[in-house]
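Residues per chain, in single letters:
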Amino acid sequence: MLRRTKVVLQKLLRLGFNRPQQAWRLQSSLVNEKACQYQPGQRIHGFTVKEVVGVPDLFITAVKLTHDGTGAQYLHAARDDSNNLFSVQFRTTPLDNTGVPHILEHTVLCGSERYPCRDPFFKMLDRSLSTFMNAFTANDYTMYPFSTQNGKDFQNLLSVYLDAVFFPILREQDFCQEGWRLEHENPTDPSSPLMFKGVVFNEMKGAFSDNERVYAQHLQNKLYPEHTYSMVAGGEPLAIPDLTWEQLKEFHATHYHPSNARFFTYGDLPLEQHLQQIQEEALSKFRRVTTDTEVPAQSRWSSPREAHVTCSPDALAPDQARQHRLCVSYLLGDITDTFEGFTLNLLSSLMICGPNSPFYKALIEPELGSDYSSVVGYDGSTREASFQVGLQGMAEEDAEKVKQIISQTIDDIVETGFQEERIEALLHEIEIGMKHQSANFGLSLASFIASSWNHGGDPVELLQINDSVDKFREALKENPRFLQDKVKLYFKENTHRLTLSMSPDEAYLEKQAKAEEEKLQKKINALSECDRKEIYEKGLELLAAQSRPPDASSLPSLRVSDIAPTAPITPVQIGAAGGVPVQFCEQPTNGLVYFRAFCSLNTLPEDVKLYVPLFCNVITKMGSGVQDYKQQAQQMERRTGGMSVSPRVVTDSTHLDTYEQGVLLFSSCLERNLPHMFRLWSDIFNSPHFKDEERMRALVKMSAQELANGISYSGHMYAMTRAGRHLTPAAELHEAFDGMEQVKFMKSIAETSDLSRVIRMLPRIKKHLLNPANMRCAINATPQNMSDASVQLESFMKEVAVNSKVRRAVRTNIVERPIRSEDSGMRRKLVVDENFKPCQMKTIFQLPFPVNFVSEAVRTVPSSHEDSASLRILARMMTSKFLHGEIREKGGAYGGGARMSDGLFSFYSYRDPTPVQTLSVFRRAVDWAKSGQFSQQDIDEAKMSVFSSVDSPVSPANKGLDGFLSGVTDDTLQEHRERLFGASHRSLVEVAERYLGAGQRTCGVAVLGPGSETIKKDPSWIIK
């Protein structure tokens, strides 16, 4: 539900694909030829083929089938892609706020008839080489997808998934653990207070601590007040304790039936094999039933409505006095009308995306708010789509003005329409998106078709995007006012529209806590002595079950021997352009060219480093050369697939106090647009615009707002970054660029009335960063396009040579390391911080959340060290065999685990109600590892999980990138791979003792959230 239009539009624009690396030309494959042989009416393993349709734009042959016995719908997308995907989705339409579909999604994965062990879903993460495994609860459907590149693994996972969704055990104990329960704070102490516990209960408490989520949920509930969309599918925290175990089982019986299911498979594995397994293991045991899960159309209002809600104040908001939000939401048409949905999606982008859009000019430029409202643009996730536009970070007294501006802007659009150049730019984006090749296309496809298919739409028609483009062009040709007429119909004359405002209430959290306490007391007061005894006994039983070693012997598994002993090598060539080293990587990019440039920060003065993320954010958005920022944005949309700059900090693979610092330039374009793309970069290098203070202020506010909004969703990442801050020089810089330090810094800039000092900083930074003397470049393209790309890059380097100047590094101790080989000509310049002293520090950021994000980071060894592989295996094994059970199952947090990255061994928890207990769990996890209480099977499973990440598919756009950025060679990667294979029981115990033991480790700790009284009273904690 939390979305921005650009994210929603990416579903349409980013249907890229994977191709075999040996095939340079995209052509029909044997996989597609085989699929084309199916005939309508043909019966295969209990299914009947209904339609076979080629989608040449996506190199897919789509086969639609129906199951004869149950009516289950099936779509197979045959494609020459080894990353095969399966998903099954059910239409789930709750009529209360108890979160029953969400809790059911969790509970069905806790054991099934064929696989009765506790939590088979999480255990399969360690018994598989899956490239993706998860489950999703959407507004009106629940989806269970997985993907893998291994055929045997696909069959194993399919068996587990089918049994989970169709034949779950649904134990009351699992319902209590995953959903909610009344339990003593200390389950072993009947005198400790009773409290609400449960994974979903705490997850949703965390979700509703996010003001963006609160606003989005209210907006949907009030725009669709009649049926399932008026409810909270994930569960409203105070309503979750109203759900009973019996209601959960009833919901499964009525919703998780094949007659209410839609199956989707994708990739190069044989369709017949999938159909046979699904028929034999699941569908043959059911008969067709009539399911009552359809969502009726929302009754249309005869006049617009308004509503107001409150939220908690945001301590990190860019302007504390401007925390009001206002949005106007319009109910549109049925999403199963594919062309109408396509048109409205494009229309939405024309109205709000980019500085040339009418709503950007009307709402963002006048600085009435910090950014668009968090819910903005076209939303096709409900049966009838909607469109939202409004502002966040605005003053409450501006509400009427904003409403008038929105109304006037719609009138203006009806009157004047859109420039043809903007329409062509958007259609160019679609062309780029069709050609872009992603590493997880099957999952993108499943997500793209899910909502429309869920309500009876044609998923194949949805994929025929070029047909919609052609129809769109024809409609514009026949009626030049085609889009204006749509705006008039859906916006100007639409009486089903809601204006929702939200403002902070200082007592909001107090009211929420009071309401929860009242709910709790009401439950407690209704208990008899017998009930209390039963609660205590069930608490002990659950604790005992959680503490018992799981028996996963029934689950299928791959073996370590199934993992390829060597990794594929990506060939690259190293050359030069204008004296700048360039890596050329020939890949099947389907006519797209991907350009990257790494620019060193070594000469940049220390006093301006905090400004680097801001510089990166604005350098491509302020205008350059003869173009102002609007003209620049228009050219980027018409000529490229996007242009960006981002900070990069890379820890050296051989020494923890050595690192590379820089910024990464990235862009892509169609081969025909290479000169235009490099012309845009040339203008940015030679004559960027920095003096427009109004534009700068708008970008600063938007950036600060986005950072503040992201904490409640990504709090565990912020906690890990902060915990590692004082452990390595690279981690310290990472905190400055991407951590809470940057959030607070951007907040302070957004609060500054005079940005002249900031504007003066940017040209200083530009001189150091956009300097060819400190650059290396990379090009990924097809062999046919590489020559032209090289010529255009050479021309670009000549044009920007005026910026090339050898400057002295700020840090005196700089070492050079070759990339690929000593004689490659491409080298990295790394900073050696010999004076860095790691130190221990515990920090809590007190934030208005009902749950916490906790992390502890330990300094260990660099990635090339012989112990790094064992620490990586240990982190995965600790996550699955100890931390998951203690933090999620017993502690009630939404998630938790450990990871080994950049020389830091980091523990973390996510949406955690018990931070002090979790910190104790981290320490006990180390004791568990040191004790060696794990088996060879546990080690092998951890290896499986690690290798599923190591060998995850890489898109052609990103091939060779690891070596380019980190300097790691194929030999180094193979050596690390062999060490992963060689990790043993002894090596895991030894690294736990050597690096994680209390006497050996140097660690940092961070908590984001309310914390606890214990932490607040402890003088060793720094409170922010």
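Look up a bit, the structure's there.
Here's a quick rundown of the structure. (Residues numbered from 1 in each chain as written. Predicted model: local features only at pLDDT ≥ 70, side-chain atom pairs only at ≥ 80, totals over all residues. Heavy atoms only, no water.)

Remarks on the nonpolar core
Condition: Note on terminology: a nonpolar core comprises buried Ala, Val, Leu, Ile, Met, Phe, Trp, Tyr and Cys residues joined through side-chain atoms within 4.5 Å. Accessibility here uses a 1.4 Å probe with only protein chains present; expressed as a share of the type maximum, an area under 20% marks a residue as buried, one over 50% as exposed, and anything in between as partly exposed. For the purposes of this entry, the term helix denotes a DSSP run of H or I that reaches at least four residues, the term strand denotes a run of E that reaches at least two, and both are numbered from the N terminus. Contacts: residue pairs with any heavy atoms within 4.5 Å of one another.
Core analysis: the biggest nonpolar cluster contains 87 residues, and Phe 86, Tyr 144, Phe 166, Phe 263 and Ile 278 have the highest contact counts within it. For this core, the element with the highest residue contribution is helix H5 (residues 151–166), accounting for nine residues. In contact with Ile 278, not counting residues within four places along its chain, are Phe 47, Tyr 74, Phe 86, Leu 158, Leu 162, Phe 263 and Leu 283. Formed by 74 residues, the second largest nonpolar core is a distinct cluster that contains Ala 446, Val 460, Leu 462 and Tyr 490.

Describing the packing of aromatic side chains
For clarity, the threshold we go by: Each Phe, Tyr or Trp ring (for Trp, its six-membered ring) is paired with any other whose centre lies within 6.5 Å, and the angle between the two planes then decides the class: stacked below 30 degrees, edge-to-face above 60, tilted in between. By the criterion adopted, a ring carries a charge over it if an Arg CZ or a Lys NZ lies within 6 Å of its centre and within 35 degrees of its normal.
Using the criterion set out here, one finds 42 aromatic pairs in the structure. Ring geometry for Phe 47 and Tyr 74: centres 5.4 Å apart, planes at 75 degrees, overall edge-to-face. Of this pair, Phe 47 sits in strand S2 (residues 47–55) while Tyr 74 sits in strand S4 (residues 73–78), and the two are 27 residues apart along the sequence. Here Phe 47 falls in the buried class, since its relative accessible area comes to 0%. The class of Tyr 74 is buried, set by a relative accessible area of 2%. Lying across the ring of Trp 245, Lys 249 places its NZ or CZ 3.6 Å from the centre.

Thoughts on the pairing of strand S19 (residues 580–586)
Applicable threshold: Only strands that DSSP links by at least two bridges are regarded as paired with each other.
Counted residue by residue, S19 has six buried out of seven residues, so it is predominantly covered. Alignment of S19 against strand S25 (residues 775–781), held across five bridges, turns out to be parallel. Counterpart to Val 582 in the pairing with S25 is Cys 777.

Observations concerning helix H26 (residues 740–750)
Most of H26 sits inside the fold, with eight of its 11 residues counted as buried. Met 740, Gln 742, Val 743, Phe 745, Met 746, Lys 747, Ile 749 and Ala 750 are the residues of H26 that are buried. In the core, the buried residues of H26 are packed alongside helix H21 (612–618), helix H24 (693–723), helix H25 (729–738), helix H27 (756–769), strand S28 (841–846) and strand S32 (1003–1009).

Description of the packing of helix H31 (residues 936–950) against helix H33 (residues 970–982)
Let me state the cut-off plainly: Axis lines are fitted through C-alpha atoms, for helices just across the contact stretch, and the angle between N-to-C directions can take any value from 0 to 180 degrees. The scheme is simple: roughly parallel for angles under 35 degrees, roughly antiparallel for over 145, roughly perpendicular for 65 to 115, oblique for anything else. Left-handed describes a crossing in which the near helix is turned anticlockwise from the far one by less than a right angle; the clockwise case is right-handed. Polar here means any residue outside two lists: the nonpolar Ala, Val, Leu, Ile, Met, Phe, Trp, Tyr, Cys and Pro, and the charged Asp, Glu, Lys and Arg; Gly therefore counts as polar.
At their nearest, the axes of H31 and H33 sit 10 Å apart, and the two run at 160 degrees to each other. One way to sum up the angle between H31 and H33 is to call them roughly antiparallel. Judged by the twist between their axes, the crossing of H31 over H33 is left-handed. In contact with Lys 943, Val 946, Phe 947 and Val 950 of H31, H33 contributes Arg 977, Leu 980, Phe 981 and Gly 982. Looking at side-chain class alone, the contact of H31 with H33 contains five nonpolar, one polar and two charged residues.

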